[in-house]
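Close look at the chain arrangement
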Amino acid sequence: MSHSIEAHGLSRNYGGLRAVDGLSLSVQAGELFALLGPNGGGKTTTLGMLTTLLRPSAGTARVAGYDVAAQPHEVRRCIGVVFQGPSLDEQLTARENLDFHARIYNLPRAVFRQRSDELLALVELAERQHEPVRNFSGGMRRRLELARGLMHQPQVLFLDEPTVGLDPQTRRAMWDYLHTLRQQSGVTIFLTTHYLEEAEGCDRVAILDSGTLAALDTPAALKATLGGDVLHFRVADVQAAEQLLHAEGLAVRRGPEGLAVEVGDGPQRIPELVAALERGGHAVQAVNLRRPSLEDVFIKLTGRAIRTEAPDAAEALVRRGRMGRSRR
């Protein structure tokens, strides 16, 4: 099967900071692929290199068969990009924003008219196409950015945190649009996210931690590495209870819900483990049983919960749109 994206040993330095460190991965044509990690973990820097906006400090990457460093213009003709920050002209109408993009890519007028009608209908903005973007809600603007990124029929669509700042209902609608357009066009979608539930719906997930690839597989395969069930115990003295359970030979880690214990037969083990904790002087305040999640995988791989953090200096630089100067 052909690959839309291939990266080998991809790295990016900012002075003494290595924002991405030796990243190697491949994305198949038509795949819905997620790069999962906390803000500040190197996701946006990776996306900047793959979209030719940042020059790699080391390593190589090819997108749609073209080298991102040696053939940036060819790469740009084959990709669509929707960045996290706003990038629409608020003074123009929705259709005028699409028209401006079509002119940049030298689309024939007949093609523009057909594509704009199709895309505005897809993102449910056909009836608002002649209104200025300044009147649009955040969700409407995001949908228009998605339509604009697809205007020139790219082989690969890059999305940087596509649902950040959207309410839950709009986020669900956005994902419906993404699944629909993939079914209709077969476009490869590469997205960055720190929302675990979004990564669950992707074909494969790469977990990025501090610029390093921690794992890459299907969501099901990643969760299968944890075994059967995960029991979450809430106790007062987490550290002492953790030591006690470790002494029982159990795989224990700390998580947002207290202590997480990996077991193969959760329902049967609950009474036994509650009794062991109470014998050790730890009153169990609550017990939760669930199947392993990507959150559990992330905690096991990195030792901490995924969370929203301020972007690091490298990613802040990318999001401020200063990539051109950074290429030098």
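Described below are features of the structure shown in this document. Model, not experiment: these values are computed from the prediction. (Residues numbered from 1 in each chain as written. Predicted model: local features only at pLDDT ≥ 70, side-chain atom pairs only at ≥ 80, totals over all residues. Heavy atoms only, no water.)

Here Thr 52, not a glycine, exhibits a phi torsion of approximately 70 degrees, which is positive. Within the secondary structure, Thr 52 is located in the loop between helix 1 (43-50) and strand 4 (58-63). Located in the positive-phi region is Asn 106, a residue other than glycine, with phi close to 55 degrees. By the element assignment, Asn 106 lies in the loop between helix 3 (94-104) and helix 4 (109-122). (Helix = DSSP H or I, 4+ residues; strand = E, 2+ residues; numbered from the N terminus.)

What follows concerns the packing of aromatic side chains. Aromatic rings considered in pairs are described by the distance between their centres and by the relative angle of their planes. Scanning the entire structure with this criterion turns up 2 aromatic pairs. Considering the side-chain rings of Phe 33 and Phe 190, the 5.5 Å spacing of their centres and the 15 degrees angle between planes classify their relative orientation as stacked. One end of the pair, Phe 33, is in strand 3 (residues 32-36); the other, Phe 190, is in strand 8 (residues 188-193), and 157 residues separate them in sequence. Neither Phe 33 nor Phe 190 differs from the other in exposure class; each is buried. Look at Phe 158 and Phe 190: their rings are 5.5 Å apart centre to centre, the planes differ by 55 degrees, and that puts the pair in the tilted class. (Phe/Tyr/Trp six-rings, centres within 6.5 Å; stacked < 30°, edge-to-face > 60°. Buried < 20%, exposed > 50% of the residue type's maximum accessible area, 1.4 Å probe, protein only.)

On to the pairing of strand 7 (residues 156-160). The element strand 7 is extensively covered by neighbouring structure, given that 5 of its 5 residues are classed as buried. Here strand 7 shows no split at all, with Val 156, Phe 158 and Asp 160 on one side and Leu 157 and Leu 159 on the other all buried. One ladder, built from 4 bridges, connects strand 6 (residues 79-82) with strand 7; its direction is parallel. In the sheet register, Ile 79 faces strand 7, and the bridge partner there is Val 156. (Pairing = 2+ DSSP bridges.)

Strand order in the open sheet formed by 6 strands is 6-7-8-3-9-10, and the pairing between neighbours is mixed. Looking at which strands have only one partner, the edges of the open sheet turn out to be strand 6 and strand 10 (212-217). The average angle at which neighbouring strand axes cross in this sheet is 15 degrees, direction not considered. Pairing of strand 7 with strand 8 involves 5 bridges; the strand directions are parallel. The residue bridging Leu 157 from the neighbouring strand is Ile 189, located in strand 8. Along the sheet, helix 5 (residues 138-150) makes contact with strand 6 and strand 7, crossing strand 7 at roughly 150 degrees. Against the sheet, helix 6 (residues 168-185) contacts strand 3, strand 7 and strand 8, and its axis sits at roughly 155 degrees relative to strand 8. (Axes fitted to C-alpha atoms, helices over the stretch in contact; angles between N-to-C directions. Contact = heavy atoms within 4.5 Å.)

Pairs can form between side chains of opposite charge whenever their charged atoms are close. For the coordinates displayed, the defined rule picks out 20 salt bridges. Put simply, Asp 296 and Arg 253 hold a salt bridge, and the shortest N to O gap is 3.2 Å. Remark: Arg 253 occurs in strand 12 (residues 251-255) and Asp 296 occurs in helix 11 (residues 294-302); sequence separation between them is 43 residues. Each member of the pair, Asp 296 as well as Arg 253, carries the same accessibility label: buried. One salt-bridge network, held together by shared partners, links Arg 253, Glu 262, Asp 296 and Lys 300. (Salt bridge = Lys/Arg side-chain N within 4 Å of Asp/Glu carboxyl O.)

Two elements in contact, helix 5 and helix 6, have axes whose closest approach is 10 Å; the angle formed by their N-to-C orientations is 15 degrees. Put simply, helix 5 runs roughly parallel to helix 6. Crossing angle aside, the handedness with which helix 5 passes helix 6 is right-handed. Facing Gly 139, Arg 142, Arg 143, Leu 146 and Leu 150 of helix 5, the residues of helix 6 in contact are Thr 170, Met 174, Tyr 177, Leu 178 and Leu 181. Its residues assigned to classes, the contact of helix 5 with helix 6 shows 6 nonpolar, 2 polar and 2 charged. (Parallel < 35°, antiparallel > 145°, perpendicular 65-115°, else oblique. Left-handed = near helix turned anticlockwise from the far one by under 90°. Nonpolar A, V, L, I, M, F, W, Y, C, P; charged D, E, K, R; others polar.)

It is worth spelling out the packing of helix 3 against helix 5 at this point. Axis separation between helix 3 and helix 5 bottoms out at 9 Å; the angle between their running directions is 30 degrees. The angle between the axes of helix 3 and helix 5 places the two elements in the roughly parallel class. As helix 3 runs across helix 5, the sense of the crossing is right-handed. Side by side, helix 3 and helix 5 meet where Ala 94, Asn 97, Leu 98 and His 101 of the first sit next to Leu 144, Ala 147 and Arg 148 of the second.

As a further point, take helix 6. Along its 18 residues, helix 6 runs 26 Å from first to last C-alpha, staying within 8% of the 26 Å computed at 1.5 Å per residue. Where helix 6 is concerned, the buried positions are Thr 170, Arg 171, Met 174, Trp 175, Tyr 177, Leu 178 and Leu 181. Around the axis of helix 6, the buried residues are gathered within 155 degrees of arc, so they sit on the same side. Among the exposed residues of helix 6, those oriented more than 90 degrees off its buried face are Pro 168, Gln 169, Arg 172, Asp 176, Gln 183 and Gln 184. (Expected span 1.5 Å × (residues − 1). Arc of directions from axis to C-beta.)

What follows is about the sheet that holds strand 11 (residues 229-234). What the 4 strands build is an open sheet, ordered 12-13-11-14; its pairing is antiparallel. Looking along the sheet, the strands with just one partner apiece sit at the ends: strand 12 and strand 14 (286-290). Neighbour-to-neighbour, the strand axes of this sheet turn through a mean angle of 25 degrees, independent of strand direction. Sheet topology note: the strand 11/strand 13 (residues 258-263) ladder contains 5 bridges and is antiparallel.

Take the side chain of Asp 67 next. In this fold, Asp 67 is placed in strand 5 (residues 66-67). Of the side chains bearing the opposite charge, Arg 62 lies closest to the buried Asp 67, which forms no salt bridge; the N-O distance is 4.3 Å. Reaching out from Asp 67, the side chain makes a polar contact with the backbone nitrogen of Ala 70 at a distance of 2.8 Å. Not counting residues up to four positions away in its chain, the partners in contact with Asp 67 are Ala 61, Arg 62, Pro 72 and Val 75. (Lys, Arg positive; Asp, Glu negative; His and termini not counted. Polar contact = N/O pair within 3.5 Å; in protein donor to acceptor, adjacent residues only side chain to side chain.)

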